[in-house]
Each structure stands twice: as C-alpha cells, then as structure tokens.
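Examining the three-dimensional arrangement
Listed below are the residues making up each chain.
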Amino acid sequence: MPILRIDHPSDPRIEAYRHVRDRDLAGREGLFVAEGEVVLRHLVGPRSRFPVDSVLVAESRLGGLETLLRPLNAPVYVASQAVMDTIVGFPIHRGILAMGRRGEGAVLAGVGASPGPGDVILAAVGIGNHDNMGGLFRAAAAFGARAVVLDSTSCDPLYRKAIRVSVGASLIQPFVRLGAHDDMVSVLERAGFACWALTPSGGALLRDAVPTGPTALIVGSEGPGLPQAMLRRCRGIAIPMAAGFDSLNVATAAAIALHHLGG
C-alpha cells in the first residue's frame, strides 16, 4: 500500500479529487467517486465489481483504515483535513474518498443467465432522481435481487450521491443498462423472467401475488409511473394503501415488493 503525503491542494497527483461537486456534473472520464468508510469497504471488498484507482483520506482517518487498505495495489493519498477540504471544495467530514474505475458494462446475458425459479431482477424505467436510484440499489442488495436492469433514460447509479445513498450497494450489485432501442419487456422475457409491473392500478395485490418462476419487478418514476404500453404487457401488481392515498417513494415500494418476492 503506497502511502503518499499531500501537503498542498494544488498537487497534480490528486487532480481527480479537485472540486468534487463540479465534476459530478462534468464527468470523470471513466472514474467514479466513492465517499465514506462503509462505501469504501464495499469498493475494496471481495464482492466489488470495480477496481480501485486511488484513495484520498484525511490523516486522522488513516489509522483506522490501514488493515482495509493494506492489500490495495493503488496509491493512497493522505492529507490534513484542511488540505483535503480545499481539494474537494467543501468540508468533507467523512474524511474518506476513493476513485473507482468503471470498466466494461455488464450485459443481461451474463448477470441473468440460466435463472432459477426464485430469482428476481429489479428493473427501473425513467428513474431520474439519484436518491431514488441509490435507494433502489440498496433495496435490491438487501433483498437478494439477482441484478438491476436500467432503461436508457434512468440516471447513473455510479453518480457520487447515488452510491452514497445506496450505502455502496451499487458497487456490489450487478446491473445492466439497456440501449435506447431495447425493449425492456422483450429483453427480460427472452432471458426467462416473467414481468411484473409495480403500479397503483395493478389488477393484483402484492400480498396475493405468488411468483411461479423467475420474476422481473419493473418500477417507474414517481408521478408518471410506467408507460401504459408497458403496463399492458406486464402483470400489474399493487401495494394496498390507506384510503385516499396511493403514493409511495419508488425505492420504498420496490423494497416492500422485493421483500415479498424474496420471502
């Protein structure tokens, strides 16, 4: 584990960490940011799907991370809290950042091959909010979804905030992004999954729905929900709620449904 001291925020070795929030919007040329100890443990752990490019930690945090970081074959940069705050562009109270490398994207033929009768895939359509994306990945990991499938319009699960909200789940949970011309229902059905659409207008209640084979749970954005054309091709499943209220956060709804399917 090469430990490299950073004494000045203009040091070119930590260019990738400079002005983190600005670069959230500008992109990082194949890299992504992992923030905080729990997320770092997922990134460097045995289930991680991404290689570590480098780590930047406040000197006050290094002692507690040495065992975790020692096996890394990547530079570990250490700076004072003041220098790190200046590099990042805001007070980084967690004192831990890392850069991961995206690599090649997964394909459904790899993560969904030969599904078993109890296998569940979570599929997301039009999810534009990074908090919701992170929550969906957290639920998928917590309840044993085999993979997450995203349509081409959904936001990036490797965006810094999405990773943080997922508590690192998006670093260990297999996911696939479909192309703009891919038909999600057809893709999932060809892979052997029955498509269930989670919608308040579903004809069946979740508590009564029993999967008979591999299942893909499809969720849409809050407000618009799933397209009507997609709903007509799927089994509509509803979560019953109190009278006069039919709205749940999409990640919460997905978690309830995934718990039911996993049970």
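This text follows the structure it describes.
Attention in this report is confined to the structure presented alongside it.

Here is what the cut-offs are and how they apply
Residues numbered from 1 in each chain as written. Predicted model: local features only at pLDDT ≥ 70, side-chain atom pairs only at ≥ 80, totals over all residues. Heavy atoms only, no water. Salt bridge = Lys/Arg side-chain N within 4 Å of Asp/Glu carboxyl O. Helix = DSSP H or I, 4+ residues; strand = E, 2+ residues; numbered from the N terminus. Buried < 20%, exposed > 50% of the residue type's maximum accessible area, 1.4 Å probe, protein only. Pairing = 2+ DSSP bridges. Right-handed = clockwise from strand over helix to strand, strands pointing away.

Let us now look at the pattern of salt bridges. Across all of its chains, the model carries 16 salt bridges by this definition. Note that Glu59 is salt-bridged to Arg5, the shortest N-O span being 2.6 Å. Of this pair, Glu59 sits in helix H3 (residues 59–69) while Arg5 sits in strand E1 (residues 3–6); the two residues are 54 residues apart in sequence, bridging distant segments of the chain. Among the residues examined, Arg5 registers a relative accessible area of 40% and is labelled partly exposed. Of the charged contacts, one joins Arg102 and Asp156 as a salt bridge, the two residues approaching to 2.5 Å between their closest N and O atoms. With Arg102 in the loop between strand E5 (96–101) and helix H5 (108–111) and Asp156 in the loop between strand E7 (147–150) and helix H7 (160–165), this residue pair connects regions lying 54 residues apart in the sequence.

Turning next to the pairing of strand E6 (residues 120–125). Summarising burial for E6: six of the six residues are buried, a large majority. Residues of E6 alternate between two faces, with Val120, Leu122 and Ala124 on one and Ile121, Ala123 and Val125 on the opposite face, all of them buried. Sheet topology places E6 next to strand E11 (residues 215–220); six bridges connect them, and they run parallel. Within E11, the position partnered with Val125 by the bridge is Gly220. Two elements, E6 and E7, share four bridges in a ladder whose sense is parallel. Following the sheet pairing, Ile121 is matched in E7 by Ala147. Handedness of the crossover is the feature at issue here: the chain leaves E6, passes through helix H6 (residues 130–142), returns alongside E7, and the resulting connection is right-handed.

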